[in-house]
Amino acid sequence: MSEDQNSLILTEIRRLTAAVERLAGPPPAINDWTAADCFVWAPARLQLQPVARPNRVALRLIRGVDHVRDILHENTLRFAEGFAANNVLLWGARGMGKSSLVKAVHEDVRRATGISLKLVEVHREDISTLPVLLDLIKGAPDRVIVFCDDLSFDHDDTAYKSLKAALDGGVEGRPDNVLFYATSNRRHLLPRNMMENEQSTAINPSEAVEEKVSLSDRFGLWLGFHKCSQDDYLLMIDGYADYFKLSMDRGQMHHEALEWATTRGARSGRVAWQYIQDLAGRQRITLDQA
């Protein structure tokens, strides 16, 4: 390839790059905490991406978990007001509203108090970058909840060490304006078969899994979520139906909702919401505008 051809190719690459950058616009400021109330951590760009319309439901629509809801709300309120609060692990049955509760409590406390409380979501695969994130957050003017949804670790996964260090704070200590909330289907964040395998092959079985199991001990609050009863499931259905003003005979609605749950082999908040979405679609109702 001649020098002239190389030059033409480089010129075309620069032109295309400039065009893409113009279309994308300027990147959001890393520490622009006024941009939103919720952010997603993007470690590849070292940016906190503002979320204009967070995916969440109103706190009053989350039913069947009243006890853990009140504990999480009180813990969050204390943190927002500048008092001592604990890191929280929400664990248990799938679809029972663990992540929904975190987002709903954050919004409820923020609105009720008028305090600028931020929520930063960290994806599971980005746990190893927590030290970088904390370095950015410690200078924030607001109090920040760092949230990781569906947290768990596999046999050869070492990312848990970054979380462990972040929870403990290390020599410098965890920033006073940061709290960790995480959800998981596992109480100890590690599959039981993995724990048993390490115990059976280790020289000292009692120490083989101690480091990984002790990770959950770094959370001061463990909030358990269990499969809901039929009554709780129908209360969820009624709550959604009343909130979105869905018109149907309540007995028929309950019959359909129970049949819906039977076909999915479970009763949960997620299954209730899926039925409500189907019902609203049949009635040509847009839920976010109801």
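One can find the structure itself at the top, above this paragraph.
First things first, this report covers the structure right here in the doc. Values in this document were obtained by computation on a predicted structure and should not be read as measured data.

Parameters at a glance
- Residues numbered from 1 in each chain as written.
- Predicted model: local features only at pLDDT ≥ 70, side-chain atom pairs only at ≥ 80, totals over all residues.
- Heavy atoms only, no water.
- Core = buried A, V, L, I, M, F, W, Y, C linked by side-chain atoms within 4.5 Å.
- Buried < 20%, exposed > 50% of the residue type's maximum accessible area, 1.4 Å probe, protein only.
- Contact = heavy atoms within 4.5 Å.
- Pairing = 2+ DSSP bridges.
- Helix = DSSP H or I, 4+ residues; strand = E, 2+ residues; numbered from the N terminus.
- Axes fitted to C-alpha atoms, helices over the stretch in contact; angles between N-to-C directions.
- Salt bridge = Lys/Arg side-chain N within 4 Å of Asp/Glu carboxyl O.
- Phe/Tyr/Trp six-rings, centres within 6.5 Å; stacked < 30°, edge-to-face > 60°.
- Lys NZ or Arg CZ within 6 Å of the ring centre and 35° of its normal.

Ranked by size, the top nonpolar core spans 47 residues in total, and within it Leu72, Leu101 and Tyr233 carry the most contacts. Excluding anything up to four places from it in sequence, Leu72 contacts Val88, Leu90, Leu101, Val102, Val105, Tyr181 and Leu223. Ranked by size, the runner-up nonpolar core spans 29 residues in total, among them Trp91, Ala140, Val178 and Leu215.

If you trace the seven strands from one edge of the open sheet to the other, you get β2-β1-β4-β5-β6-β3-β7, paired in mixed fashion. In the strand order of this sheet, the two ends are held by β2 (47–50) and β7 (221–225), each with one partner. Across the sheet, the mean angle separating the axes of adjacent strands is 25° when strand polarity is ignored. As judged from the three bridges shared by strand β1 (residues 38–42) and strand β4 (residues 117–121), these two strands associate in the parallel manner. For Cys38, the partnering residue across the bridge sits in β4 and is Leu119.

One pass over the full model with this rule turns up 13 salt bridges. Across the pair Asp37 and Lys118 runs a salt bridge, and its minimum N-O distance is 3.5 Å. Here the residue Asp37 occupies a position in the loop between α1 (3–24) and β1, and Lys118 occupies one in strand β4, the gap between them amounting to 81 residues. Given a relative accessible area of 4%, Lys118 falls into the buried group. One salt-bridge network, held together by shared partners, links Asp37, Arg56, Glu107, Arg110, Arg111 and Lys118.

Another aspect to go through is the packing of aromatic side chains. With the rule as written, the count across this model stands at five aromatic pairs. Taking the centre distance of 5.9 Å and the plane angle of 50° together, the rings of Phe244 and Trp273 count as tilted. Here the residue Phe244 occupies a position in the loop between α9 (230–243) and α10 (250–264), and Trp273 occupies one in helix α11 (residues 269–282), the gap between them amounting to 29 residues. Looking at Trp273, the relative accessible area reads 23%, which means it is partly exposed. Among the aromatic residues, ring-to-ring pairing joins Tyr240, Tyr243, Phe244 and Trp273 into one connected group. The residue whose ring lies beneath Arg143 is Phe79, and the NZ or CZ to ring-centre distance is 4.4 Å. The ring of Trp260 carries Arg264 above its face, with NZ or CZ at 3.6 Å from the centroid.

What follows concerns the side chain of Ser99. Tracing the backbone shows Ser99 in helix α3 (residues 98–113). Residue classification places Ser99 among the buried positions, given a relative accessible area of 19%. Setting aside chain neighbours within four positions, we find Ser99 in contact with Phe147, Asp149 and Thr183.

The next point concerns the environment of Tyr243. Position of Tyr243 relative to the elements: it lies in helix α9. Between the C-alpha atom of Tyr243 and that of Leu287, which follows or precedes it by 44 residues, the distance is 9.5 Å. Setting aside its immediate chain neighbours within four residues, Tyr243 contacts Arg60 and Leu61.

Next up on the list: unusual backbone geometry. Among all residues except glycine, the phi angle is most often negative; among peptide bonds, the trans geometry is most common. Residues other than glycine seldom take positive phi values, yet Asp150 does so here, at roughly 55°. Counting through the fold element by element, Asp150 comes out in the loop between β5 (143–148) and α5 (160–168). We note that Arg284 has phi near 55°; this positive angle belongs to a residue other than glycine. Of note, Arg284 is situated in the segment after α11.

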